[in-house]
Amino acid sequence: MTGYDFDKTIYDGDCFIDFYFFTLLHRPYIIIMLPFQLLFFLFTFYNRKLLKQGFACYLLITIDKDILIKNFWNVKAGKIKEWYLAQKKEDDIVISASPNFLISEACKRLGIKNYLATNMSTYTGIIHGKNCYGEEKVRRLQEFDSTLLLDAFYSDSKSDFVMKKVAKEIYLVKNNNITKIK
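Owing to the predicted nature of the structure, the values given are computational and were not obtained by experimental measurement. (Residues numbered from 1 in each chain as written. Predicted model: local features only at pLDDT ≥ 70, side-chain atom pairs only at ≥ 80, totals over all residues. Heavy atoms only, no water.)

Draft legend 1. View of the pairing of strand β5 (residues 167–174). When strand β4 (residues 150–155) meets β5, the two strands line up parallel, connected through five bridges. For A152, the partnering residue across the bridge sits in β5 and is E169. Where β5 and strand β6 (residues 177–181) come together, five bridges link them in antiparallel fashion. Bridge pairing in β6 links L172 to T179. Here β5 hands over to β6 after two residues, with N175 in that stretch at a positive phi of 55°. (Pairing = 2+ DSSP bridges. Helix = DSSP H or I, 4+ residues; strand = E, 2+ residues; numbered from the N terminus.)

Draft legend 2. Geometry of the packing of aromatic side chains. Using the criterion set out here, one finds 18 aromatic pairs in the structure. Between Y20 and Y58 the ring centres are 5.0 Å apart and the planes differ by 70°, which places this aromatic pair in the edge-to-face class. You can see Y20 sitting in helix α1 (residues 15–26) and its partner Y58 sitting in the loop between α3 (48–55) and α4 (65–76), a full 38 residues away along the chain. Taking relative accessible area as the criterion, Y20 reaches 5% and is therefore assigned buried. Judged by relative accessible area, which is 0%, Y58 ranks as buried. A centroid spacing of 4.7 Å and a plane angle of 15° characterise the contact between Y154 and Y171, whose relative ring orientation is stacked. Residue Y154 is found in strand β4, and its partner Y171 is found in strand β5; the two are separated by 17 residues along the sequence. For Y171, a relative accessible area of 16% gives the class buried. An aromatic cluster of at least three residues, connected via ring pairs, comprises F6, Y11, F19, F22, F72, W73 and F101. The residue whose ring lies beneath R48 is Y133, and the NZ or CZ to ring-centre distance is 3.8 Å. (Phe/Tyr/Trp six-rings, centres within 6.5 Å; stacked < 30°, edge-to-face > 60°. Buried < 20%, exposed > 50% of the residue type's maximum accessible area, 1.4 Å probe, protein only. Lys NZ or Arg CZ within 6 Å of the ring centre and 35° of its normal.)

Draft legend 3. Local environment of α3. Taken residue by residue, α3 has K52, Q53 and G54 as its buried positions. Buried positions along α3 lie against α1, α2 (34–44), β2 (93–99) and β3 (114–118). At the N-terminal end of α3, a side-chain oxygen is found 3.0 Å from the backbone nitrogen of K49, two or three residues along, and the residue is N47. (Contact = heavy atoms within 4.5 Å. Polar contact = N/O pair within 3.5 Å; in protein donor to acceptor, adjacent residues only side chain to side chain.)

Draft legend 4. Spatial organisation of unusual backbone geometry. Even without being glycine, K8 reaches a positive phi, approximately 65°. Relative to the assigned elements, K8 resides in the loop between β1 (2–4) and α1.

Draft legend 5. Spatial organisation of the nonpolar core. By size, the foremost hydrophobic cluster in this structure holds 37 residues, and its most contacted members are F6, C15, F19, F72, W73 and L102. Sorting the residues of this core by element identifies α1, α4, α5 (82–87), α6 (100–110), β4 and β5 as the ones contributing at least two each. Broken down by element, this core gets its largest block of residues, six residues, from α6. Not counting the four nearest positions on each side in its chain, F19 is found in contact with Y58, L59, L68, I69, F72, F101 and L102. I95, F161, A167 and I170 belong to the second largest nonpolar core, which has 15 residues in total. (Core = buried A, V, L, I, M, F, W, Y, C linked by side-chain atoms within 4.5 Å.)

Draft legend 6. Fine view of the side chain of T62. Summarising the element assignment, T62 is placed in the loop between α3 and α4. A relative accessible area of 4% means that T62 is categorised as buried. Those residues in contact with T62 that lie beyond four places of it in its chain are T23, R27, Y29, I30 and L68.

Draft legend 7. Focus on the packing of α2 against α3. Orientation of α2 relative to α3, taken along the N-to-C sense of each, is 170°, at an axis distance of 8 Å. Considering the angle they form, α2 stands roughly antiparallel to α3. Here α2 contributes Q37, F40, F41 and T44 to the contact with α3, which in turn contributes L50, L51, G54 and F55. (Axes fitted to C-alpha atoms, helices over the stretch in contact; angles between N-to-C directions. Parallel < 35°, antiparallel > 145°, perpendicular 65-115°, else oblique.)

Note that every value here comes from positions in space, so none of it alone points to a role or purpose.
Okay, structure coming up:
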């Protein structure tokens, strides 16, 4: 089994940020949440979980989110990187800090059955549990299957090098350049 980070690894960009701008384009009224988002940024920039929740406060007033998510992936499916599509396997697992409501739809479309992501409410933007980042990715994978040792893990971020604990090989992905980490 091979593991992959999602954003900037197999997806060309950050789907959480892209979804925000997509929502802003299709539900422009969410701009009224900008002052709240800025306040959260000023007071929570040191805490990823709180920062992410504050940014997601626009979800409170966004209507038809399920339709919006499907339409988002209809448009953004082309941002899945070609190198990944060429090596994709049925038993791949995606482990991402992005919200589960975005990752689940992307994985469904890609035919990926296994994914772990930040458990964020689509309705409130509240994160239940921890942000799936860094060491939390290792914990989540071990919770998923305590005996699992990945053949490889691909990521764009050095924060994911902790996956060495649960993967035989680590690969750093920068754009479409893939480098094996020793």
